[in-house]
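What follows is each chain in one-letter form.
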Amino acid sequence: MNKSNSCTEDLDDISMTAQELHILSELDSRQYGYLLLHLPENEKKRELVLKAVKYLQLMVVQARRQQKVQDENEPNNFQQNSKKISIDPKTWVKLGHFHLLLEEYRKALSAYQMFYKIQAENHWMDPTFLYGLGLVYFHFNAFQWAVKAFQQLLYVSPSFQRANEVHLRLGLMFKATQEYESALKHLQLALVDNSPCTTPKSIIKFHIAHLFEVQGKVKGAKDRYELLLRDKSITQSLRADIFRQLGWLYHCHDSLGDKNQRIPLAIHCLQRAHDADQFSGQTLYLLGRCYASIGKVHDAFIAYRNSVEKSEGNADTWCSIGVLYQQQSQPMDALQAYICAVQLDKCHSAAWANLGILYESCGQARDAYACYLNSSRGLSNRSSEDSFLSSKLPRLNLSSVGMNPHLLQRINFLQSNLANAPMPSATSQRRQLLSIEEAWNLPISAEMSSRQQQQTGSQQTKSNTQSYQKNFNQGSTPQGPPPPYPSPSGAPVKQFKPEPEQKPTPPQHSFTLSPQQLQLLNYFQQNVNNLTPAQENMRLQLQHQHRLMQQQQQLRQRQTVAAHARPGSTPPTYNGNSHFQGQSPQDVTPPLNITKNMSSPNGDKLLQPSPNLIPSCTRDITMPLSGQPSTDMDVSEEELKDFLSQKDLTTTLAENLLKHFGSDAIDIKEEQDQSDSGVSKQDVDSKKRIKSPKQDSILTIKSEPPWEVDSMHSDKRPEVEYSIEMEAKTILRLCKGEGIKGEISNSLISDRAPPPSPPDPPTIKLNPQQLLPPTPSVYLDNKKHAFSPQLQEFCLKHPIAVIRGLASALKLDLGLFSTKTLVEANPDHSVEVRTQIQQPSDENWDPQSGKKVWACISHRSHTTIARYAQYQASSFKESLKEERDKAASGLSDSDSKDSANFPKRRRLCNIPPSLNTKGCNQPKMLKFGTNVDLSDEKKWKAQLQELMKLPAFARVVSAGNMLSHVGHVILGMNTVQLYMKVPGSRTPGHQENNNFCSININIGPGDCEWFAVPDAYWGAICALCEKNQINYLHGSWWPVLDDLFAANIPVYRFNQRPGDLVWVNAGCVHWVQAVGWCNNIAWNVGPLTARQYQLAIERYEWNKLQSFKSIVPMLHLSWNLSRNIKVSDPKLFHLIKNCLMRTLRQCSMILEFVKHKGVEVKFHGRGKNEASHYCGQCEIEVFNILFIREQEKRHVVHCMECARKQSPNLEGFVCLEEYKMEELMEVYDNFSLYPTISATAEQYRLM
Ligand SMILES: [Zn+2]
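Residues numbered from 1 in each chain as written. Predicted model: local features only at pLDDT ≥ 70, side-chain atom pairs only at ≥ 80, totals over all residues. Heavy atoms only, no water.

## Overview of the side chain of Ser-435
Logical step 1: Note that Ser-435 resides in the loop between helix H19 (407–418) and helix H20 (436–441).
Logical step 2: A relative accessible area of 3% places Ser-435 in the buried class.
Logical step 3: Setting aside residues no more than four positions away along its own chain, Ser-435 makes contact with Tyr-359, Gln-364 and Asp-367. (Helix = DSSP H or I, 4+ residues; strand = E, 2+ residues; numbered from the N terminus. Buried < 20%, exposed > 50% of the residue type's maximum accessible area, 1.4 Å probe, protein only. Contact = heavy atoms within 4.5 Å.)

## Concerning the sheet that holds strand E15 (residues 1161–1163)
Logical step 1: If you walk across this open sheet you meet the four strands as E15-E20-E18-E19, and the pairing is mixed. Edge positions in the open sheet fall to E15 and strand E19 (1194–1198), since each of these has one partner strand only. Across the sheet, the mean angle from the axis of one strand to that of its neighbour is 40 degrees, orientation sign disregarded.
Logical step 2: Relative to strand E20 (residues 1214–1217), strand E18 (residues 1185–1191) runs antiparallel, the two being bridged by four bridges. By the bridge assignment, Leu-1186 is partnered in E20 with Leu-1216.
Logical step 3: Set on the sheet, helix H42 (residues 1130–1156) makes contact with E15, E18 and E20; between it and E18 the angle comes to about 50 degrees. (Pairing = 2+ DSSP bridges. Axes fitted to C-alpha atoms, helices over the stretch in contact; angles between N-to-C directions.)

## A closer look at the pattern of salt bridges
Logical step 1: Counted by the stated rule, this structure contains 25 salt bridges.
Logical step 2: Where Glu-20 meets Lys-51, a salt bridge forms, and the shortest distance between an N and an O atom there is 3.6 Å. Highlighted residues: Glu-20 in helix H1 (residues 18–25) and Lys-51 in helix H2 (residues 43–73), separated in sequence by 31 residues.
Logical step 3: Classification of Glu-20 as partly exposed rests on a relative accessible area of 22%.
Logical step 4: Between Glu-1009 and Arg-1053 there is a salt bridge; the shortest N-O distance is 2.7 Å. Of the two residues, Glu-1009 sits in strand E9 (residues 1008–1013) while Arg-1053 sits in strand E10 (residues 1052–1056), which places them 44 residues apart along the sequence.
Logical step 5: Residue class for Arg-1053 comes out partly exposed when judged on its relative accessible area of 33%.
Logical step 6: Each of the salt bridges in this network shares a partner with another, and the network as a whole consists of Asp-751, Arg-1142 and Arg-1145. (Salt bridge = Lys/Arg side-chain N within 4 Å of Asp/Glu carboxyl O.)

## Topic: the packing of aromatic side chains
Logical step 1: Applying the stated criterion across every chain, the model contains 25 aromatic pairs.
Logical step 2: Aromatic side chains Tyr-131 and Phe-150 sit 6.4 Å apart centroid to centroid with 45 degrees between the ring planes, which places their arrangement in the tilted category. Taken as a pair, Tyr-131 in helix H5 (residues 127–139) and Phe-150 in helix H6 (residues 143–156) lie far apart in primary sequence, 19 residues in all.
Logical step 3: Owing to a relative accessible area of 0%, Phe-150 belongs among the buried residues under this scheme.
Logical step 4: Through a chain of ring-to-ring contacts, three or more aromatic side chains come together here, namely Trp-854, Trp-1018, Tyr-1032, Trp-1037 and Trp-1102.
Logical step 5: Geometry around Tyr-871 places Lys-927 over its ring, the cationic atom sitting 5.9 Å from the centre.
Logical step 6: For the cation-ring pair, Lys-1137 lies above Tyr-1228, with the distance from its terminal atom to the ring centre recorded as 4.1 Å. (Phe/Tyr/Trp six-rings, centres within 6.5 Å; stacked < 30°, edge-to-face > 60°. Lys NZ or Arg CZ within 6 Å of the ring centre and 35° of its normal.)

## Looking at the coordination of the zinc ion
Logical step 1: Distances from the zinc ion to its protein donors, Cys-1175 (SG), Cys-1178 (SG), Cys-1199 (SG) and Cys-1202 (SG), fall at 2.2 to 2.3 Å.
Logical step 2: Here the zinc ion is ringed by four donor atoms whose angles at the metal span 103 to 115 degrees, and the overall shape comes out tetrahedral.
Logical step 3: Considered as a linear motif, the donors of the zinc ion on their single chain read C-x2-C-x20-C-x2-C. You can see Cys-1175 sitting in the loop between strand E16 (1173–1174) and strand E17 (1181–1182) and its partner Cys-1199 sitting in the loop between E19 and helix H43 (1200–1206), a full 24 residues away along the chain. In terms of burial, Cys-1175 and Cys-1199 fall into one category: buried. (Donors = N, O, S within 2.8 Å, 3.2 Å for Na, K, Ca; no water. Tetrahedral: all angles 85-135°; square planar, octahedral: opposite > 155°, others 65-115°.)

From the geometry alone we can't say anything about function, so treat these as descriptive.
As structure tokens, then:
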């Protein structure tokens, strides 16, 4: 091989000094956001990194070339992997890090993906890889993927140096995807962490306040904003953001006081916001809205005009300008403003609706009809579009998008009236307004400017309007077809122009900042507290321009998305926001000259848009300033999808490299495994050679970069083999010294276990019968049956089982749980209420889109037993009346077979919801009384005693129930809960807490319908939840049965009649709907089986990964079990013992760390029935060693990680110990496998 071909460079041409190599060895994803390579002072480092990138690229190319040579020389070996030349997988990670630091996100993603491909099995072992990958996904707004990478990172490395950056981003992503509880948790964790952070705490606080605002918690948001304003150190731009949000809060919320007081406050705040940031068009727009709302038309108009002038003239502003004109009876001006709005945003529902009202008021019904239709379409398109962008479904409510409740009514009315009317023609009578398609296609500005010339006639205005015209249209009429002009008869949509095939041309970057400007901006932002007034001013301008740039990119992205969403229509090409620059407010006469009184015919209220207030500082964090904004943000959703599909990616980089270096494309295969010794030898060799004189360099294969590679295993000690056969003291000796660094694995499974992930479902293809298997059920005749061991065995064998006739076999007095008895016993007892939509049991409709969805609405509130009882009764009476009316009208309900004295087993809920029929009725809501706590033995003595009649395995408390060994109450799990239902009441899909089993008895008088899926399929359901953009653990979801069947998931479906007991086995996914009026009682049990214990531990770990609190304290429980029971099942024994070993080791390491920090450990002991402890910050269970700190006058327990994040040396924390290590060691050593005594199902024996 000679070097005469196009490649003239090789590795040895790139020389690096020892110091440079050292610098490079220390660079990884953790420097992202800290080491800003585009800053002038980092120019040298940047060059070094570029050199290193080149080196790595050359290395890859050489390895491949060598491979080719080898393959040609030894074709016989072609199939043998052993001869393949491998590149150390870590090379890709390093390359990814370098690209990330250079803010070359695509390249970084490509390199990281390469590593992932090679190391799919144990990619998670390298936290810097997970961090870098998460950051790149976050950059591309690929939230689902970013969340995954970050969650895995925090799981494998709880003490990760940049945990706060991770929590911050998780918080922002969950805020964006409307998972507010999770968002708050992560933002708070970012806030309490005192490690260095790229984002000031004040901005994190602002996000928390904003989180309250978006949840509608107005008071909480307002208080937090006001508190933040008192902080003198906050930046001007943050001050502007806070005042703007606060101003808008005052404008919108009645709860903040009387309008006469609120609006002046709102105006005051918005003016302060404007003072702090002169360049925000949005602030001016909101100010305009405030003025308009109190009739200060002139001020409002000026504010709007100024807003447009700030080049943020968005659709909302134009819509509001239209409203102002329309209210001032200037229909022509209003028309033009609305047209501006809808041309900017074709989905602007409010503008379309207002335009419709305008047309109707001028008697142009056909135009009005078209506009209304576009309005309703805009609404549905908007929601699909938003969900696409955010990759989560936003839960919009009708008011938030300005949906006119009369809209559908108007559409229907006009439709029926227009059906027989002739289409408009040129000969029809003169119209007051241009028709919608004329207005759309006509160069508006020409029309508008001619009007202005008539009005003002001044020379100066003329020149201005010319520029206006030019800018507005870019010298031509708006491109793209007019909005569809729907035919009322439902005929195909008429097209006025042939559909242009080409995609909209990408707009120019009118606001692109030069790299120098970006650097400057970055520099200013880094030094924001030390700027001169002039610099501050410049910073604000640059920042403003940067935001515009981002908005423009967003807009463009949105338009692209919209084009994808509606293949039949191409959005008008809208070239930037710049067309109003240079235009003075006088160009358009303020609408003060009221010419005639024009009001809409039906008194319809004009719709104001609901501005989507995205705090600008969100954008700053979400999109860290990039040196190459234009290239990197050009990634379209589709491209990103390609990226994420991980198909083509892995070859991209290599191919590009080969192309770049003029080599032929070679089929490249990476070697999967390499022996460690081989690598290290090559490593040594390559280190030696790096500065040696040129040899036949092509033959010098370097599989590792010349700098020290921080191997993913190197910082961990060689894995010590722990075994449960070892004595406690051996375990403690083995882990001695490991705790000092404080990197202590939390995993209950092993240091080497991958982060938990949902299981792949069974692959057996099921036929239609198997997809709807018969439900395992037993009919009980007598008490003996109920107590037979076979019954328990039967239950443990099946995912779910229904025991029919249990109540009568045991002579249970279910009347004790009837609503009547409950009211008599404790009328004021608290009931949690879920407000839900009444739906057919196997369907779940979204009232807005009219589509079947998974997300189900379930709003929470509270009431009392007496009040709920009243509701339950009146709901029943109401339906009886309906039934009587129906009967009177001659309609019979075949399903209303009277059972005993309760004729209500009608399937009320089988009536499809009104929204199903596309009508405009409101969906029928119902109230479900849930989670009524019956734990109080004094209040519910008779009831609880009655349940003692149950067989042991189903009892609330029994020795064979793990939950009875927790030693304290876990409400609803080892205590009874009651459910009070009306037909349609829904318990959405879930697995029980920590996968425990559950017992559910229907009290009656009505039935409940159950759906259940075996636990082996929970991963598949979890994936479907994700696909439907709803969180499996936190969200409320109701599976669409067809989706389940399509995914080969079997579903048990059955009715639970009064007196039937349903046994839900460990991990079974289930959802329940009341058929009639009924009450249910339920609790959890934990049979002492290996399967139950294993599933509980697995879920414990999964919850940890998901930052979801495990209600069952498995550590505490495991230690109690080892003290209380003798286990003869080897598998169960092994599992419990392993958990003990892991905790013993963790405790020892934590103590070592604490002592190393010089903190005294105080013995505290444990009180009887004392509850288990959870970390007050991250909600992880804290076993044995508690870190206590006073917080808002309360003593809050922390886990070690959370304590360290607040205070690396644990200053300010008191460290308490609940058990002496000697005691734990003794318990551990004494816990041993108990010899099997009998061959019965009960393989354990109670002490
Ligand atoms: Zn914690």
